[in-house]
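Letter by letter, the chains look like this.
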Amino acid sequence: MSILSSRRGRTAVAAVAVGALALAGCSSSDSGSNNDKSQQKEDAAAQSNAVKMGTAADSTGPAEEVAGAKSGGTIQVYNETDFSHLDPAQIYVSDGGLLSKLIYRGLTTYVEDGKGGITVVGDLATDPGKVSDGGKTWTFTLKDGVKDETGHVIDSADVRHTFERLYDPFITDGPSYIQQWLSGSGTAYRDAYEGPFKGKHLPDTVLATPDAKTVVFKFKTPQPDLAQALAMAGYSIVPEKTDTKEKYDTDPVAVGPYKISEFKPGKSVTLVKNTNWDPNTDPMRHQYVDGFDIEVNHDDEDQTKTLLADRGDAKNAIMMTGQVATTQVQKVVADPAAMKRTVQGYAPYVWQLNFNLDRIKDKKIRDAITLAMPATSVFRADGGNYGGEVANSLMSPTTPGYDKAYDPFNRAKKPNGDIAAAKKLIEEAGATGKKVVYAYSNTPVRQQQALLIEDALTKIGLDVQKKEIDSATWYEQVGKVDNGLDLYMTGWGQDWPSASTVFPPLYDGTQIQDGSSNYAHINDDHVNSEIVRIQKITDAVEATKAWNALNQYISEKVNPAAPIYYTKVFQIAGSNIGGLRYSTVTSYTDPTRVFLKS
């Protein structure tokens, strides 16, 4: 979930959990007392369980009914920032991932049991895939009569086109797992094929469509996680005949239960029912309400106060990727009626301060900055104990192999930073007075966190040059190889429960290019070779051990990023919203099952 995709603040989800800052007087639930009812690391453990493989029977529709569900009405949705992309191939952040659940469909999807368990099933396919040749060949059969919003029946040519267009140079964001599995690791797949818009196809030895209903992926090595990868928003189907290339980013074609009726960049997105969606083909989604009115430019403070007041349209409203604001947590927690309309979950994201290794080349400086991070203050600015907790390493508690005892920067004893030790390292490096360009996004939480981080860096002797960047284009800006920045914070979460969706996208030096998730530009020979080696290990237990060892090497020998905090989700909805449930797939309120009670 990379990206807030699942995923950079992405998910792989990648999620942007945001809130307002309360510097003074932390109350009981904000101080780790017994009154703290927020999610804990133990709650995250269930999310590290392996995804189950479903059957053809699991893949049929309609989805299981939500208790008490009613039809009709429009749900109001609040979000802080605009969508950076609507083209599914470019989606790798959380708000886009949530939107995709309503308007797009892929070959596979997930069905959740509400207890943390996830099963991957066929979405447009009749099942989650048939495997042969020792895991190198995957065959999918398309369901009958699945249509897009124009009435076009999705066929294998649309599926082929969806994956071939990912190779075109205009696709700069989004996941790259499947492209690399098909055509070469790192950025090598870019050299193998230029995309379908020049009239050529990938060879049938790689991707075959022997008839209108059949799609065959052929890999050089076993790919046991293909079904999970296909469930990502970035691999949603783009019908060939209505693909407008770059223009698709503002006017996409829906295959899910809703379609976009109006898009006002920087203001709103309006969704209405897609009348060509057939619930009998869909094992996961519902179409209870008539539509969703998504408004952007509502920060967490605004969202929380509006929803807590519960008046007018707010009774019919949900948050998208927002959080209960830090200043409002106690009001919500102290109100039993308000708590009944909240959802909580332990998100998979690790917020970390990336070092641009092209510019911050001295490891002593990187170690000093890491030691100085005021992790406690920074996470409390993002919802207090309900918004996160101090990160002890670059692995999340939701990731298989996570070790809470592994603490290379002494977060357990110095959770709010060790200024003395950090200052000593800066002096040893001869870096006192060194200028560092620190970038942050222009949301209230990131602005407040920037003050805390700037103060810590100043105390250890660095000259901080702050640079504010528009949050809507944050990942596009810091994702440039030549970004002109030294330090910048990003959030990354697993795309599915495996460290293979964390370390390769973040730390593989062969993937460095504009738009990649290797934000630190780490290009270490040992790391690169270990990633290749571990990805070939088919035993999950052995692979998990190897990823854990690599995590330690990266932290201790390279240190490309300072882990700061793990994220939790605490959201509130209007009193007329039914079907509220935390989604372990998207890390927020599940938008596919909500309805209006009256």
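The shown structure was predicted, so the numbers you read here are calculated from the model rather than taken from an experiment. (Residues numbered from 1 in each chain as written. Predicted model: local features only at pLDDT ≥ 70, side-chain atom pairs only at ≥ 80, totals over all residues. Heavy atoms only, no water.)

Engineer: Sorry if this is basic, but what is going on with the environment of glutamate 476 here?
Structural biologist: The residue glutamate 476 is located in helix 14 (residues 474-478) in this model. Residue classification places glutamate 476 among the partly exposed positions, given a relative accessible area of 23%. Distance from glutamate 476 to tyrosine 438, taken between C-alpha atoms, is 16 Å for residues 38 residues apart in sequence. Residues contacting glutamate 476, with those up to four places away along its chain left out, are Ser84, His85 and Asp173. (Helix = DSSP H or I, 4+ residues; strand = E, 2+ residues; numbered from the N terminus. Buried < 20%, exposed > 50% of the residue type's maximum accessible area, 1.4 Å probe, protein only. Contact = heavy atoms within 4.5 Å.)

Engineer: Would you mind going over the pairing of strand 13 (residues 342-355) with me for this structure?
Structural biologist: Side chains on a regular strand alternate between the two faces of the sheet. For strand 13, a buried count of 13 out of 14 residues is recorded, marking the element as mostly surrounded by other parts of the structure. Here ten bridges tie strand 13 to strand 18 (residues 561-572), and the two strands are oriented antiparallel to one another. Residue pairing for strand 18: leucine 353 is matched across the bridge by alanine 562. (Pairing = 2+ DSSP bridges.)

Engineer: I keep staring at the sheet that holds strand 11 (residues 291-295) and nothing clicks. Help me out?
Structural biologist: Strand pairing in a sheet relies on backbone hydrogen bonds, with the paired strands running either antiparallel or parallel. On the basis of which strands lie adjacent, the open sheet formed by five strands has the order 9-10-11-2-12 and mixed pairing. The open sheet has two edge strands, strand 9 (258-264) and strand 12 (317-319), and neither has a second partner. In this sheet, neighbouring strand axes are inclined to one another by 20° on average, regardless of whether the strands run parallel or antiparallel. Note: strand 10 (residues 268-273) against strand 11, five bridges, orientation antiparallel. Paired with threonine 270 across the two strands is aspartate 293, which belongs to strand 11. In the packing of helix 2 (residues 94-103) onto the sheet, contacts are made with strand 9, strand 10 and strand 11, and the angle to strand 9 comes to roughly 130°. Sitting on the sheet, helix 7 (residues 300-309) touches strand 2 (74-78) and strand 12, and the angle it makes with strand 12 is about 145°. (Axes fitted to C-alpha atoms, helices over the stretch in contact; angles between N-to-C directions.)

Engineer: So what exactly am I meant to see when it comes to the sheet that holds strand 5 (residues 130-132) here?
Structural biologist: Here we have four strands laid out as an open sheet, ordered 5-6-8-7, and antiparallel in their pairing. Taken across any chain shown, the strands that pair with only one partner, and hence form the sheet edges, are strand 5 and strand 7 (207-211). Here the strands of the sheet are splayed against their neighbours by 20° on average, with no regard to which way each runs. In this structure, strand 5 lies alongside strand 6 (residues 137-141), joined through three bridges in antiparallel fashion. The partner of lysine 130 across the bridge, within strand 6, is threonine 139. Against the sheet, helix 3 (residues 156-164) engages strand 7 and strand 8 (214-218), with an angle of about 170° to strand 7.

Engineer: It is not clear to me how helix 17 (residues 540-558) should be interpreted in this structure. Could you clarify?
Structural biologist: Side chains of residues three or four places apart in an α-helix project in the same direction, reflecting 3.6 residues per turn. Over its 19 residues, helix 17 runs 26 Å from end to end, which matches the ideal 27 Å to within 8%, given 1.5 Å per residue. Of the residues making up helix 17, those classed as buried are Ala543, Ala546, Trp547, Asn548, Leu550, Asn551, Ile554, Ser555 and Val558. On its buried face, helix 17 sits against helix 10 (363-372), helix 15 (503-507) and helix 16 (525-535). Capping the start of helix 17 is the job of one residue whose side-chain oxygen sits 3.0 Å from the backbone nitrogen of valine 541: aspartate 539. (Expected span 1.5 Å × (residues − 1). Polar contact = N/O pair within 3.5 Å; in protein donor to acceptor, adjacent residues only side chain to side chain.)

Engineer: Whenever I open this one, the packing of aromatic side chains confuses me. Can you help?
Structural biologist: Using the criterion set out here, one finds 21 aromatic pairs in the structure. Their ring planes at 5° and their centres at 6.3 Å tell us that phenylalanine 217 and phenylalanine 219 sit as a pair that is stacked. Each of the two residues, phenylalanine 217 as well as phenylalanine 219, counts as buried. Consider the rings of phenylalanine 503 and tyrosine 507, whose centres lie 5.9 Å apart with planes at 40°: the pair is tilted. Linking phenylalanine 503 with tyrosine 507, this pair stays in helix 15, spanning four residues, or about one helical turn. Given the relative accessible area of 0%, phenylalanine 503 is considered buried. (Phe/Tyr/Trp six-rings, centres within 6.5 Å; stacked < 30°, edge-to-face > 60°.)

Engineer: What am I meant to see in the nonpolar core here?
Structural biologist: The nonpolar side chains of a soluble globular protein tend to be buried with one another. The biggest cluster of nonpolar side chains holds 115 residues, and the ones touching the most others in it are Phe163, Ile178, Phe217 and Ile369. Counting residues per element, this core draws most heavily on helix 17, which supplies six residues. With near-sequence residues (within four places) excluded, phenylalanine 217 lies in contact with Leu107, Lys136, Thr137, Trp138, Phe140, Phe163, Ile178, Leu182, Val206, Leu207, Leu226 and Leu230. Among the nonpolar cores identified, the runner-up in size contains 31 residues, and Leu99, Ile103, Tyr104 and Tyr588 belong to it. (Core = buried A, V, L, I, M, F, W, Y, C linked by side-chain atoms within 4.5 Å.)

Engineer: Teacher, can you tell me more about the packing of helix 10 against helix 12 (residues 419-428) here?
Structural biologist: What describes two packed helices is the angle between their axes and the distance between those same axes. Remark: helix 10 packs on helix 12, axes separated minimally by 8 Å, with the N-to-C direction vectors making an angle of 165°. It follows from the interaxial angle that helix 10 and helix 12 lie roughly antiparallel. For the crossing formed where helix 10 meets helix 12, the hand is left-handed. Taken together, the residues of helix 12 that come into contact with helix 10 (itself represented by Lys364, Ile365, Asp367, Ala368, Leu371 and Ala372) are Ile419, Ala421, Ala422, Leu425, Ile426 and Glu428. Looking at side-chain class alone, the contact of helix 10 with helix 12 contains nine nonpolar, no polar and three charged residues. (Parallel < 35°, antiparallel > 145°, perpendicular 65-115°, else oblique. Left-handed = near helix turned anticlockwise from the far one by under 90°. Nonpolar A, V, L, I, M, F, W, Y, C, P; charged D, E, K, R; others polar.)

Engineer: I would appreciate a short explanation of the pattern of salt bridges in the present structure.
Structural biologist: Any two side chains of opposite charge can pair, given that their charged atoms come close. Taken as a whole, this structure holds 24 salt bridges when the rule is applied. The closest approach of N and O atoms between glutamate 194 and lysine 198, which form a salt bridge, is 3.2 Å. Across the pair, exposure class does not vary: glutamate 194 and lysine 198 are exposed alike. A salt bridge links lysine 273 to aspartate 290; the nearest nitrogen and oxygen atoms lie 3.7 Å apart. Of this pair, lysine 273 sits in strand 10 while aspartate 290 sits in the loop between strand 10 and strand 11, and the two are 17 residues apart along the sequence. For lysine 273, a relative accessible area of 27% translates into the label partly exposed. For aspartate 290, a relative accessible area of 38% gives the class partly exposed. Several salt bridges share partner residues, and in doing so they unite Arg105, Asp123, Asp282 and Arg285 into one network. (Salt bridge = Lys/Arg side-chain N within 4 Å of Asp/Glu carboxyl O.)

Engineer: Any chance you could explain helix 2 here in plain terms?
Structural biologist: In terms of residue burial, helix 2 counts as a mostly covered element, since ten of its ten residues are buried. Taken residue by residue, helix 2 has Ser94, Asp95, Gly96, Gly97, Leu98, Leu99, Ser100, Lys101, Leu102 and Ile103 as its buried positions. In this structure, the buried side of helix 2 is in contact with strand 3 (108-112), strand 9, strand 10, strand 11 and strand 13.

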